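What the coordinates show
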Amino acid sequence: RGATMIRCLNALAYDAWIVGNHEFDWGLEAFADCVGLSSMPVLSGNAMMEGKPVGRLGESAGPLAKLRPYLLKEVAGFRLAIISLTTPALSTWLPPEKLRGFEALDPVETLRVLLREVSAQQPDAILLAGHMGLTRRDDYANRVGALTREFPQLVAYLGGHTHQNHSSETVNNVLYTQADHYGIYVGKVDLTFDRASRRLLRREAVTVLMDHPIALDPLVLSLA
């Protein structure tokens, strides 16, 4: 019911994880249990629970009150904002009894609002991490083209959902990278800044295949 994965993420000290559609395969209660078990923030900028946006659910929401729309993190003296989005097509794959009032709103409209809030905090770079992937043409579940066209100020888009490896691509002036699925690849994004002006000079991405030269982690093996 997802708990093993969360224990592994906790052990690997991830900064956050983003809500996707498979988090609800066992229903809302199992998802809430995983959120409660997570030692790191759980993100979804366009998620609503019974008409209330995440980050404003209140204690009555239980573990789901921990959900946040974005993460602010300092790396090497620079402040990075990572906004998160969940595919809006949850109800396409999941019956209402699995979601129990949880929904994901239009990602483009959501990002328009969140960018104003995040930009006011003056981060040095804004990244988008979305449980949506790059397709030849946008569909309802994957809006990468629309998001990168309307918001070219994004430094990078960290993609998912479509189970593909995109090491490094430029989509409407936004760096796009996606590390496949199932942990087959690990994604790496390097941002180079000028320390005096704090201006972004270069952005690069790569995905690294986790094959035989990479040793199996004994802690993860013991947890799984």
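What this report covers is the structure whose coordinates are included nearby. Please read these numbers as outputs of a predicted model, since none were measured by experiment.

Things to note about the sheet that holds strand β12 (residues 174–179)
Within the open sheet, the six strands sit side by side as β6-β7-β9-β10-β12-β11. Their pairing is mixed. Of all strands in the sheet, those with a lone pairing partner are β6 (70–75) and β11 (165–171), marking the two edges. Taken over all neighbouring pairs, the strand axes of this sheet differ in orientation by 20° on average, direction set aside. Bridge analysis of strand β10 (residues 156–158) against β12 gives three bridges, and the strand direction is parallel. Across the sheet, residue Tyr157 finds its bridge partner in β12, namely Tyr176. Where helix α5 (residues 107–119) meets the sheet, its contacts fall on β6, β7 (78–86) and β9 (125–131), and the angle it forms with β7 comes to roughly 160°.

Some remarks on the sheet that holds strand β2 (residues 42–43)
Taken in spatial order, the three strands line up as β1-β2-β5 in an open sheet, and their pairing is parallel. Only two strands of the sheet have a single partner each, and these edge strands are β1 (17–18) and β5 (67–68). When β2 meets β5, the two strands line up parallel, connected through two bridges. Residue pairing for β5: Val42 is matched across the bridge by Leu67.

Considering the environment of Leu191
Within the secondary structure, Leu191 is located in strand β13 (residues 185–193). According to the relative accessible area criterion, Leu191 is partly exposed, its value standing at 22%. Taking the C-alpha atoms as reference points, Leu191 and Phe151, 40 residues apart in sequence, are found 18 Å from one another. When neighbours within four sequence positions are excluded, Leu191 is seen to be in contact with Leu80, Ala125, Leu127, Val155, Leu200, Arg202 and Arg203.

Quick notes on α5
The end-to-end C-alpha distance of α5 is 17 Å, a good match for the 18 Å that 13 residues give at a rise of 1.5 Å each. Here α5 has its buried residues at Pro107, Val108, Thr110, Leu111, Leu114, Leu115 and Val118. Turning to α5, the residues buried within the fold contact β6, β7, β9 and α6 (144–150). Its side-chain oxygen placed 3.1 Å from the backbone nitrogen of Val108, Asp106 serves as the N-cap of α5.

Cut-offs applied
- Starting from 1, residues in each chain are numbered consecutively following that chain's sequence as written.
- A pLDDT threshold of at least 70 governs which residues receive local features in this predicted model, and a stricter bar of 80 or more applies before side-chain atom pairs are shown or counted, although totals over entire chains, interfaces and linings include all residues.
- Only hydrogens and water are removed before side-chain values are computed, so all heavy atoms of the structure are retained for them.
- When DSSP finds two or more bridges between a pair of strands, those strands are recorded as paired.
- Each helix is a run of H or I in the DSSP string that is no shorter than four residues. Each strand is a run of E no shorter than two, and both are numbered from the N terminus.
- Note on method: axes are straight lines fitted to C-alpha atoms, helices fitted across the in-contact stretch only, with angles between N-to-C directions ranging 0 to 180 degrees.
- Whether two residues are in contact is decided by their heavy atoms, any of which lying within 4.5 Å being enough.
- Each residue's exposure class comes from its accessible area (1.4 Å probe, protein chains only) as a fraction of the maximum for that residue type: buried when under 20%, exposed when over 50%, partly exposed otherwise.
- In this scheme, a helix's expected span is set at 1.5 Å multiplied by one less than its residue total.
- Polar contact criterion, stated in full: a pair of N or O atoms within 3.5 Å, where within protein one must be able to donate a hydrogen and the other to accept it, and residues adjacent in sequence count only if both atoms are side-chain atoms.

That is the geometry; function is a separate question.
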